[in-house]
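Chain and residue survey
These are the residues of each chain, in order.
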Amino acid sequence: MGTQEDEGGVSSLQDALLTLDQDASALSTIAVAVAALSCEASEAGLQSFDLTDSGDGSLAKEDVGVASDIKIMVNGSKLVVYTKGNKKPELESITKIPVIIGNFREAVKNLHSVIRVVLNAGKKVGGKALLLGFELQKLGESSRDRARSNLDSATWFDEKGMFEKDCPSGESLRNGVKLAMEADLDEDYVRLLGEVNAVLKIVWKIVAWEAVTAFVALEGVEWLNEKDAEVVESDGGNVKSEKKKKKKVVLGKGTGVLVEMIKDGLMAKRAGAQDNYGLLESLAEDLPLLLDPKNSEFDKLLQKAKDILESNESRRIPKTPKGTRDFAKEQMVVRKKAFSTITNIFEKHCATALDTPAFELRETLMGKYGEDSKLVYDLADQGGELCCLRYDLTVPFARYVAMNGLTSFKRYHIDKVWRRDNPSKGRYREFYQCDFDIAGQFEKMGPDFEVIRVLIEVLDALNIGDYEIKLNHRKLLDGVLEICGVPPQKFRTISSSIDKLDKQSFEQVKKEMVEQKGLSVETADKIGTFVKIRGPPLELLSKLTEQEGNEASELLKHDASKEALSDLKILFEALKTSRCINKVVFDLSLARGLDYYTGVVFEAAFKGGVQVGSIGAGGRYDNLIGIFGNKQVPAVGMSLGIERVLTIMEEKARIDKSQTTQSTETQVLVAVLDLELSVAAELVSKLWDANIKAEFKIHKRVAKHIEYAKESKIPWMVLVGERELNEGIVKLKNFQTGGFNEEVIPTSKVVEELLSRLNP
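Anyway, here's the lowdown on the structure attached to this text. Because the structure is predicted, anything quoted here is derived from the model rather than measured.

1. Here we look at the nonpolar core
Ile527, Ile615 and Leu640 are the most contacted members of the largest nonpolar core, which totals 71 residues. In terms of residue count, the dominant contributor to this core is helix α15 (residues 446–462) (8 residues). The residues contacting Ile527, other than those within four sequence positions of it, are Leu481, Cys484, Val486, Ile494, Ile498, Met513 and Leu519. By size, the runner-up hydrophobic cluster in this structure holds 68 residues, among which are Cys39, Ile97, Leu139 and Trp204.

Written as structure tokens, this is what we have:
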């Protein structure tokens, strides 16, 4: 008997869930279509709908999708304003459409995801249903605001009391959500779904009223005029209403189709509308019925809305894949300058450039990155080889050294890598790395010192602001783990947990070590006493090597950690004499999650206002090259997170408006006034032959040439028109001095004169 009751409860829950899911899914489509009508009724600016997924997770996917859908619906409309320079104030109820409907769509999808796991999942359903209720309330309130704005746009219409009387209020929404919350607290999930469904029905009515008011604002006058014209014609008269001459508004291709469907659906009742009040009364009665999911006509309207969006799929706003981005000309100038600066420093240290394939055999990459191996991009099998996009530049470097039998190699490599990571600020799935590595046997700690010195030189040269380089030693960390009682087979996985301390609290990391990785609470707490130690390198090293009677002194009894402390003493002394130790912090929590590190590890962190995570890292990996060959070749290297560094540089440039960048290296604009291409070709070719960076424009107006030169920050302009051509002269303008002074020089000497000015 109890089983039957349980089964009945599950069945009731499932039925309620299916009903709510279907109606909410339909509303998510109709709400977009009606909101698009409101955008036209309000003659809104669509600047806030220019949402492009930058790939870093900063924009919700559904928000971008709603903005794109709205623009598809109103495509071709003469009512909405697309230009960014539009001065018309934006209505909050319009600008928030992508966020509010986007959040509602997300809540609908979350609810849909639990339909198949209803059994014994009441709480899970309850949480998602309640979230849907909250989003429904926001959707209803926003829709009501737009409905009121629509009526305000219909200045000719004076019967607005009916809307205030009959359209559900915000209070009814709040009361409905309150009842849903009470049901959730009582863990009565069937009642909860029923209360949320009741809120959804209220929102349907509000959205229907939004459609009514948008229709009145857009088509009400024309609707009445058409009716008046029919009356005139039925009387046999030839009089044409003056109002009928009013120019027909041009709606969007999507909204226009929906409006025609609405008009067709309401045609039968229009004849009964004797005045404005009768019109609104007719619309208020019939249009909500048209938008009622139980109405047979509703399916046609819903399908039409879906068809409009889906048929326009290919015309949606193009976007880059998640975690990737394009770089405009201004950004490319900054990037090119940064890469040039980095390359110069690498070459100053006598490194050789190396390039390797963008993808490697899967066996080359797997097992080298610890828990991050799951982030490696697998490629489809092509011709019998399993391949992956390279995850970093270090493993391909190790493979290259081993494959070519090298025993000594100092190289740099600047190129793209790919990771299936979750995008965030400064974190992408496709990005550049700038690597500098030294492989081979050298003076003890000599390569380690130089690699860290190179990283400091690069960060200083890029002028990003304050940063620090956290430094530790893998053997020292292994000693800590052994002292604390961690089994050797768990060293790497526990190191991966410790490596999260820059993003999580120790309590969070401790929970992971105990609950997921099987350490005892006592062992985790003992690890905590070590990993919280950080400070100035030489001072902290002195404390660790000289103090007795504390836990830190136990490190001297451990062979590996004792060797690590000896290495660090040599390294810190070298950094001190190199006058760069002030940038380094000795931090025992630094682990670096990659499996191949064997010695010194370090990580650069930006200390300014932009939160981007690590901006550079590296370490010693003495065993990696040997995996690919017959001999072990010790190596150490660093990798600069250039994308994050550029994010910092872009933010600094945004704040400092005085920093302007020329997007090209153009030195001279050859401005030709309405002459044939051959004239421009002859003159600009002389400049190109002399290695002068020049471009040409042909336009009849001098002002256009000057405007282009100033916008492009081109320092010099050579102007030639018909008179100048006949006289064998050109006019030379210098925009570095404001462009007010103009010199006349013979055409035969233009190259000579320009070279003398460009290279004084």
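2. Some points on the sheet that holds strand β1 (residues 352–353)
Spatially, 9 strands are ordered β1-β4-β5-β11-β10-β9-β6-β8-β7 in an open sheet, and the strand pairing comes out mixed. Looking at which strands have only one partner, the edges of the open sheet turn out to be β1 and β7 (534–535). In this fold helix α16 (residues 474–483) packs onto β6 (467–473), β8 (584–587) and β9 (600–606), with an angle of close to 60 degrees to the strand it touches most, β6. Set on the sheet, helix α20 (residues 537–546) makes contact with β7 and β8; between it and β8 the angle comes to about 25 degrees.

3. Observations concerning the sheet that holds strand β13 (residues 694–698)
Pairing between sheet strands relies on hydrogen bonds along the backbone, with the strands arranged either parallel or antiparallel. Strand order across the open sheet formed by 5 strands is β13-β12-β14-β15-β16, with mixed pairing between neighbours. Of all strands in the sheet, those with a lone pairing partner are β13 and β16 (742–746), marking the two edges. On average, each strand axis in the sheet is inclined to that of its neighbour by 25 degrees, with strand direction left out of account. Here 5 bridges tie strand β12 (residues 668–672) to strand β14 (residues 716–720), and the two strands are oriented parallel to one another. In the strand pairing of β14, Val670 is matched with Val718. On top of the sheet, helix α24 (residues 677–689) reaches β12, β13, β14 and β15 (729–734); it is set at about 170 degrees to β13, its chief contact. Of the strands in this sheet, β12, β13, β14 and β15 are in contact with helix α25 (residues 702–711), which crosses β12 at around 165 degrees.

4. Section: the packing of α16 against helix α17 (residues 491–498)
The N-to-C vectors of α16 and α17 enclose an angle of 105 degrees; their axes lie 11 Å apart at closest approach. Between α16 and α17, the crossing angle belongs to the class labelled roughly perpendicular. Between α16 and α17, the residues in contact are Arg474, Leu477, Asp478, Leu481 and Glu482 and Phe491, Arg492, Ile494, Ser495 and Ile498, respectively.

5. Brief notes about the pattern of salt bridges
Under the criterion given, the structure shown has 42 salt bridges. Arg390 is the salt-bridge partner of Asp415, the closest N and O atoms lying 3.1 Å from each other. Residue Asp415 is located in strand β4 (residues 409–418), and its partner Arg390 is located in the loop between β3 (387–389) and α14 (394–403); the two are separated by 25 residues in the primary sequence. Asp587 serves as the salt-bridge partner of Arg534, at 3.2 Å between the closest nitrogen and oxygen. Taken as a pair, Arg534 in strand β7 and Asp587 in strand β8 lie far apart in primary sequence, 53 residues in all. When its relative accessible area of 42% is taken as the criterion, Arg534 is described as partly exposed.

Definitions and cut-offs
Residues numbered from 1 in each chain as written. Predicted model: local features only at pLDDT ≥ 70, side-chain atom pairs only at ≥ 80, totals over all residues. Heavy atoms only, no water. Core = buried A, V, L, I, M, F, W, Y, C linked by side-chain atoms within 4.5 Å. Buried < 20%, exposed > 50% of the residue type's maximum accessible area, 1.4 Å probe, protein only. Helix = DSSP H or I, 4+ residues; strand = E, 2+ residues; numbered from the N terminus. Contact = heavy atoms within 4.5 Å. Pairing = 2+ DSSP bridges. Axes fitted to C-alpha atoms, helices over the stretch in contact; angles between N-to-C directions. Parallel < 35°, antiparallel > 145°, perpendicular 65-115°, else oblique. Salt bridge = Lys/Arg side-chain N within 4 Å of Asp/Glu carboxyl O.

By themselves these figures say nothing about function.
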